[in-house]
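Report on the structure
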Amino acid sequence: MSKVEQQGRREFLKGTAATAAISIAPGVMLHSLTADAAPRTEAVTDKVRWGMLIDANKCADGCTDCVSACDKENGLDLVNMPEGADESLWERQRPRWIRQVSLKDNLSGKITHLPMMCQHCEKPPCVDVCPTGASFRRADGIVMVDRHICIGCRYCMMACPYKARSFIHAEVAEKLTHTPRGKGCVESCNLCVHRLDNGQTTTACQDACQHQAIVFGDLNDPESAVSQALKKYPSVQIRADLKLNTGVRYSNI
Amino acid sequence: MKKIHFSEWGIDSPRYWGMLAVLGAIIAVAGLAVFYMEHNGHWVTGMTNQVVWGMPHVFAIFLIVAASGALNVASIGTAFGKKVYKPLGRLSGLLAITLLAGGLAVLVLDLGQPGRLLIAMTHYNFKSIFAWNIYLYTGFFAIVALYIWFMMDWRMNKYYKPVGVFAFVWRLMLTTGTGSIFGFIVARQGYDAAIMAPMFVIMSFAYGLAVYLLVLMFAFKADGREIGDVLLKRLKNLLGIFVAAVFYFTVVYHLTNLYGTENHEYEAFILRDGGIYTLLFWGGWVLIGCLIPMGIIYHPALGATRGGIIAASTLVVLGGFATIYVIVIGGQAFPMAMFPGKTIVASGFFDGVNGQPMLYSPSLPEILLGLGGVALVLMLTFIGIRVLRFLPTSLADEVADPHHAKS
């Protein structure tokens, strides 16, 4: 009897160990695989506020490096013109997250070049008007669209003072896993949120700018490059009259 | 004033079914247009990332605005106790419901993701005027349905007045909400004005009454019912006052804008240089929508004829569409003032280079969707008056005019 009992205990211990190994192992594996992306397991906090300073003096005429980099990084270059579409109409329908704008001062005639994108307002009008809450602002200052609950009403596009948003007018065959996109939803610059959430600290447009016109970083950290630059150089918000406290600032415009 | 009797619409069956078939065909074509647009995506429409709301919104907003206005006829009878309007109340309530249904159908079918309507019903951002409108619209259906029930059921007669007053207050909130969709938009020069809300309310009075008059006169003529001159004169005079009020608000809105230098460019665009928008403003909004109807209504000879009243109402409706087009599309076509004191000389995203307006030309499917909404309104209305007793058997002066015996 006792022998049988001992065998039973041994069998039991073996079984338990095996079960434990099977159930714990994936956790250990998962843990080790995601160790670099640890922040994703925690909610985003407002300790950080992402933002940028753009120096219009450094932004060069005819250069569209930031635009191309953004298109590539966020899969916008994968959005093809549908067959049979009118090319000039499609140009006005295709999505753009960042664009190059040239301005002429009405008094002096001085020409300025600058990139325009979502300004990541602290009080974004697009978030105010969105009926479902799809348009939202993260605690770290990034304004973006939850594509699962965007109904495609485009009220945010009516409300954005910067014309920063794009509606997806056609089926998208190919997309990047970190930037899913679907016909009938609205989207805009999200400061390369997939990079930031994976521990990176730069945006694609900043990396691509050969002229160092874009300084990106944490506005809440007084030691960050962007905070230092903002302290050093005079800067403005576009449509400062609306008091939206934008995360994107400009100097020399 | 005799007792008012109501009866179902008694036109011949072939004619009734014929009308429904025609309307049904228009709705079916609109359905195909929706399928085409939703299947392909919005690239097959004239809408772009610059002009994001197009022709469907013009139709939808017109119908929604007219819906709340159509209820006014009932409100005058109930909330303001004018006896002569009481027999008109049932049709007024019905039209309010059908116009709103038509308008909302168009609005919803133009969404990028119409299949996610359930999400709009379950996820709310209460700072959004759109989210409030979801409640205002669904509430309107419920309250007006209740109102019609209490009008029709003598047992509920004691609750009829409070519900009528409540419906009146609710419709004021609803149109304020619709106007505020534009009034609350700080980004665009043509909007961002508190006057938008009351202007939409007064527009709803005019458009709703014009639609009401046309439907009433058609329905009565079609099955040989009589409308007396007294009642028609009252309704057309009321339309005259509403149209004059729309004109007044138009003048105040533009005068206010003209006073502030920051709005001069926008005003120059709408009033002088805007091409189609300038044409639609002066020709559609002002002339066809306001001045000519007022001229007809207050003309001693023309205003007294039925043809004159039909013409005036039709012009108010057409002018109304032009008005909404100028507000919705014109407001988006004007470039946003992002850089005051500077001119945009180049842009990779159509920012109104050198002050050029945004381009928009409506596509056929968009227009078909809008017309489908109008057809839906008429179909629901005709079915309603055919199966239930919405129409008084007679509105002849000896029946409808409380002062008839004395005069």
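Residues numbered from 1 in each chain as written. Chains lettered and ligands numbered in written order. Predicted model: local features only at pLDDT ≥ 70, side-chain atom pairs only at ≥ 80, totals over all residues. Heavy atoms only, no water.

This paragraph deals with the nonpolar core. Core analysis: the biggest nonpolar cluster contains 201 residues, and Y155 of chain A together with W9 and F182 of chain B have the highest contact counts within it. Broken down by element, the residue count for this core peaks at 20 residues, all from helix α8 (residues 196–222) of chain B. Setting aside its immediate chain neighbours within four residues, F182 of chain B contacts M158 of chain A together with W53, I61, Y191, D192, M196, F200 and V328 of chain B. (Core = buried A, V, L, I, M, F, W, Y, C linked by side-chain atoms within 4.5 Å. Buried < 20%, exposed > 50% of the residue type's maximum accessible area, 1.4 Å probe, protein only. Helix = DSSP H or I, 4+ residues; strand = E, 2+ residues; numbered from the N terminus. Contact = heavy atoms within 4.5 Å.)

Now for unusual backbone geometry. Peptide bonds are trans in most cases, and residues, glycine excluded, mostly fall at negative phi. Residues and elements named next belong to chain A. Although it is not a glycine, Q212 sits at a positive phi angle of roughly 55°. Relative to the assigned elements, Q212 resides in the loop between α7 (204–208) and β8 (214–218). Non-glycine residue R239 carries a positive phi angle of around 55°. Judged by its relative accessible area of 13%, R239 is buried.

On the surface, a nonpolar cluster with roughly 470 Å² of combined accessible area is contributed by F126, W132, Y135 and F184 of chain B. Within the secondary structure, F184 of chain B sits in the loop between α7 (160–183) and α8. (Patch = residues over 30% accessible without salt bridge, like charges linked within 9 Å, V, L, I, M, F, W, Y side chains within 5 Å. Areas by Shrake-Rupley, 256 points an atom, 1.4 Å probe, with all protein chains shown as cover. Salt bridge = Lys/Arg side-chain N within 4 Å of Asp/Glu carboxyl O.)

Let us now look at the sheet that holds strand β1 (residues 50–55) of chain A. Residue and element names in this part refer to chain A. One open sheet holds the three strands; their spatial order is β8-β1-β9, and the pairing between them is mixed. What marks the edges here is a single partner per strand, and that holds for β8 and β9 (248–251). In this sheet, adjacent strand axes meet at a mean angle of 20° when their direction is disregarded. Bridge analysis of β1 against β8 gives five bridges, and the strand direction is antiparallel. In the sheet register, M52 faces β8, and the bridge partner there is F216. Strands in contact with helix α8 (residues 225–232) are β1, β8 and β9; relative to β8, the strand with the most contacts, it is inclined by about 120°. (Pairing = 2+ DSSP bridges. Axes fitted to C-alpha atoms, helices over the stretch in contact; angles between N-to-C directions.)

When the parts of a complex come together, some accessible area is lost, and that lost area is often used as the size of the interface. Tallying the contact residues gives 59 residues for chain A and 56 residues for chain B. Both sides of the chain A and chain B interface together cover about 4900 Å² of buried area, and 58% of this is carbon and sulfur. By the criterion of area lost to chain B, the three top residues of chain A are R92, M158 and K163 of chain A, representing 18% of everything that side buries. Viewed at the interface, chain B and chain A are joined by five salt bridges. (Buried area = accessible area lost by both parts, 1.4 Å probe.)

Our focus in this paragraph is the packing of helix α4 (residues 89–109) of chain B against helix α6 (residues 129–152) of chain B. Residues and elements named next belong to chain B. Where α4 contacts α6, the two axes come as close as 9 Å, and the packing angle between them is 160°. For the element pair α4 / α6, the angle class is roughly antiparallel. Between α4 and α6 lies a crossing of left-handed hand. Packed against α4, whose contacting residues are G89, R90, G93, L94, A96, I97, L100, A101 and L104, the element α6 presents Y137, F140, F141, V144, A145, I148, M151 and M152 at the interface. Looking at the contact of α4 with α6 residue by residue, the class counts come to 14 nonpolar, two polar and one charged. (Parallel < 35°, antiparallel > 145°, perpendicular 65-115°, else oblique. Left-handed = near helix turned anticlockwise from the far one by under 90°. Nonpolar A, V, L, I, M, F, W, Y, C, P; charged D, E, K, R; others polar.)

The next subject is the pattern of salt bridges. Enumeration according to the criterion identifies 19 salt bridges over all chains in this entry. The residue D351 of chain B makes a salt bridge to R99 of chain A at a minimum N-O spacing of 2.8 Å. Placement of the pair is D351 of chain B in the loop between β2 (342–347) and α13 (364–387) and R99 of chain A in strand β2 (residues 98–105), with the two residues belonging to separate chains. R99 of chain A matches D351 of chain B in its accessibility class, with the two residues each being buried. For D241 of chain A, the salt bridge goes to R239 of chain A, with nearest N and O atoms at 2.9 Å. Note on D241 of chain A: relative accessible area 53%, which makes it exposed. Where salt bridges share partners, they join E73, R195 and D207 of chain A into one cluster.

Now for α8 of chain B. Residue and element names in this part refer to chain B. Taking 1.5 Å as the rise per residue, α8 with 27 residues should run 39 Å; its terminal C-alpha atoms sit 38 Å apart, in good agreement. By the criterion of burial, α8 is predominantly enclosed, with 23 of the 27 residues buried. At the exit of α8 stands G224, carrying a positive phi of roughly 70°. (Expected span 1.5 Å × (residues − 1).)

Attention now moves to the confidence of the model for chain A. All names here are of chain A. Taken as a whole, chain A shows an average pLDDT of 90; of its residues, 84% reach a score of 70 or greater. Here residues 1–5 is a poorly scored stretch, pLDDT under 50, and it has zero contacts once near neighbours within four places are set aside; other chains count. Across residues 26–37 the pLDDT falls below 50, and counting only partners more than four positions away or on other chains, this stretch makes three contacts in the model. (pLDDT = per-residue confidence, 0-100.)

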